[in-house]
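# What the coordinates show
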Amino acid sequence: MSRKARVAVFISGGGSNLQSLIDASKASKLSGKIVLVVSSKEEAYGLQRAKKAGIDTFVYRGKNYPSKEEAARDLFEMLAAYEVEYIALAGYMKLLPELIVRKYEDRITNIHPALLPKFGGKGMYGHHVHEAVLAAGEKESGPTVHLVDEIYDNGRILMQEKVPVLPEDTPDSLAARVLKAEHHLYPIALDNLIKGKYSDE
Ligand code: GRF
């Protein structure tokens, strides 16, 4: 069997996407092994999911360091210690330090709960996204997996999955439909990236 790529998943909350990546990895549907879960919040439920799966965790809070540079350096060293090759952001609410973005260029993914480039950017997260989609009268929504650069929701789009927006939808009902599609899409898109399917010919 070929060697699995070493992946760190970054979270800030419930971690249902983390769970779908853990499950895909266990079922050998992901050619990556999650070696570390990084959380910006100590109370994130996703940390429990990681522990249950036997994955090491690291709570990373910029505030705990004397400077931005030292915070970035510590994260950089932690990822290096785990020999991380890919980073999957899954509900991570912070911007990554530039040092990390540069080191892992084209190997960092994010999942966003709308069809980018629409409904993205700063402030477009959680229920705000689904409220905006409904307010715009969109007929379709769905998750986007994209590469990460220093700007929110800006990197190259790798994959999208469309779901219908129904006339009776509330932000919650739409969010639930999109989230289900996220769980299907993210492992596939990450697997494709690891397998080099997005490399320019
Ligand atoms: C998802 O909707 C994802 O698109 C967004 O944050 C949410 C994370 O949910 N980036 P979970 O923590 O994976 O359950």
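Keep in mind the model is a prediction, meaning the values are calculated, not measured. The numbering scheme is per chain: residues are counted from 1 as the chain's sequence reads. Where local features are concerned, this predicted model is filtered to residues with pLDDT of at least 70; where side-chain atom pairs are given and counted, the filter is 80 or more; whole-chain, interface and lining totals use all residues. Remark: hydrogens and water are excluded; side-chain values derive from all non-hydrogen atoms of the structure.

Between Leu 116 and the following residue, Pro 117, the backbone shows a cis peptide bond with an omega angle of 10°. A helix here means a DSSP run of H or I that spans at least four residues, while a strand means a run of E at least two residues long, and both kinds are numbered starting from the N terminus. Summarising the element assignment, Pro 117 is placed in the loop between strand 5 (108-112) and helix 5 (127-135). Despite not being glycine, Ser 28 has its phi angle at roughly 60°, a positive value. Relative to the helices and strands, Ser 28 resides in the loop between helix 1 (16-26) and strand 2 (32-39). Residue classification places Ser 28 among the exposed residues on the basis of a relative accessible area of 53%. One non-glycine residue, Phe 119, adopts positive backbone phi at about 60°. Its place among the elements puts Phe 119 in the loop between strand 5 and helix 5. Relative accessibility thresholds used throughout: buried, under 20% of the residue-type maximum; exposed, over 50%; partly exposed, between the two (1.4 Å probe, protein chains only).

Glancing now at the side chain of Ser 25. Within the secondary structure, Ser 25 sits in helix 1. The contact criterion used is simple: two residues touch if any of their non-hydrogen atoms lie within 4.5 Å. If we skip the residues at most four places from it in the chain, Ser 25 touches Lys 4, Leu 30, Gly 32, Lys 33 and Ile 34.

Attention shifts here to the site of the ligand. In the neighbourhood of the ligand, the contacting residues comprise Gly 14, Gly 15, Ser 16, Asn 17, Gly 91, Ile 111, His 112, Pro 113, Leu 179 and Glu 182. By the criterion applied in these results, polar contacts are pairs of N or O atoms within 3.5 Å in which, for protein atoms, one can donate a hydrogen and the other can accept it, and in which residues neighboring in sequence qualify only through two side-chain atoms. With respect to the ligand, the side chain of Ser 16 contributes an N or O atom lying 2.5 Å from an oxygen atom. In the environment of the ligand, a nitrogen atom lies 2.9 Å from a nitrogen or oxygen atom belonging to the backbone of Ile 111. For the shell around the ligand, the secondary structure elements donating two or more residues are helix 1, strand 5 and helix 6 (171-194). Here the shell around the ligand is built from residues that sort into 3 nonpolar, 6 polar and 1 charged. Throughout, the term near means that a residue has one or more heavy atoms lying within 4 Å of the molecule or strand in question. Nonpolar residues are Ala, Val, Leu, Ile, Met, Phe, Trp, Tyr, Cys and Pro. Charged residues are Asp, Glu, Lys and Arg, and all others, Gly as well, are polar.

Next up on the list: the nonpolar core. To qualify as a nonpolar core, a set must consist of buried Ala, Val, Leu, Ile, Met, Phe, Trp, Tyr and Cys residues joined through side-chain atoms within 4.5 Å. Residues Val 9, Ile 11, Leu 18, Leu 21, Ile 34 and Val 37 are the most contacted members of the largest nonpolar core, which totals 29 residues. Take this core: its biggest share by element is 6 residues, from helix 6. Those residues in contact with Val 9 that sit more than four places away from it in its chain are Leu 18, Leu 21, Ile 34, Leu 36, Val 37, Val 38, Ala 88 and Ala 90. One finds Ala 8, Val 35, Leu 75 and Leu 89 within the second-largest nonpolar core, a separate group that totals 21 residues.

As a rule, the C-alpha atoms of each element are fitted with a line to give its axis, helices using only the stretch in contact, and angles between N-to-C directions run from 0 to 180 degrees. Two numbers describe how helix 1 lies on helix 6: the axes approach to 9 Å, and their chain directions differ by 45°. Regarding the angle of helix 1 to helix 6, the classification is oblique. Considering how the two elements wind past one another, helix 1 and helix 6 form a crossing that is right-handed. For the pair helix 1 and helix 6, contact is made by Ser 16, Asn 17, Ser 20, Leu 21 and Ala 24 and by Leu 179, Glu 182, His 183, Tyr 186, Pro 187 and Leu 190, respectively. Taken together, the residues that form the contact of helix 1 with helix 6 break down as 6 nonpolar, 4 polar and 1 charged. Working rule for angles: under 35 degrees goes down as roughly parallel, over 145 as roughly antiparallel, 65 to 115 as roughly perpendicular, anything else as oblique. When the near helix sits turned anticlockwise from the far one by under a right angle, the crossing is termed left-handed; a clockwise turn instead gives a right-handed crossing.

With that out of the way, let us pick up the environment of Leu 99. Here Leu 99 is to be found in helix 4 (residues 98-103). The partly exposed category is assigned to Leu 99, whose relative accessible area is 26%. When the C-alpha positions of Leu 99 and Phe 76 are compared, they lie 7.5 Å apart, and in sequence the two are 23 residues distant. In contact with Leu 99, other than residues within four places in its own chain, are Ala 72, Arg 73 and Phe 76.

All right, on to the packing of aromatic side chains then. For this analysis, a ring pair means two rings from Phe, Tyr or Trp (six-membered ring only for Trp) whose centres lie within 6.5 Å, classed as stacked if their planes differ by under 30 degrees, edge-to-face if by over 60, and tilted for the remaining angles. Using the criterion set out here, one finds 3 aromatic pairs in the structure. Judged by centre distance (5.2 Å) and plane angle (85°), the rings of Phe 10 and Tyr 92 are edge-to-face. Placement of Phe 10 in strand 1 (residues 5-11) and of Tyr 92 in the loop between strand 4 (86-89) and helix 4 is noted, with a sequence separation of 82 residues between them. Given a relative accessible area of 9%, Tyr 92 falls into the buried group. Among the aromatic side chains, those forming a connected cluster through ring pairs are Phe 58, Tyr 60 and Tyr 65. For the cation-ring pair, Arg 73 lies above Phe 76, with the distance from its terminal atom to the ring centre recorded as 5.3 Å. Whether a charge lies above a ring is judged from NZ of Lys or CZ of Arg, which has to be within 6 Å of the ring centre and within 35 degrees of the ring normal.

So, to be careful, I would describe these as geometric facts and stop short of saying anything about function.
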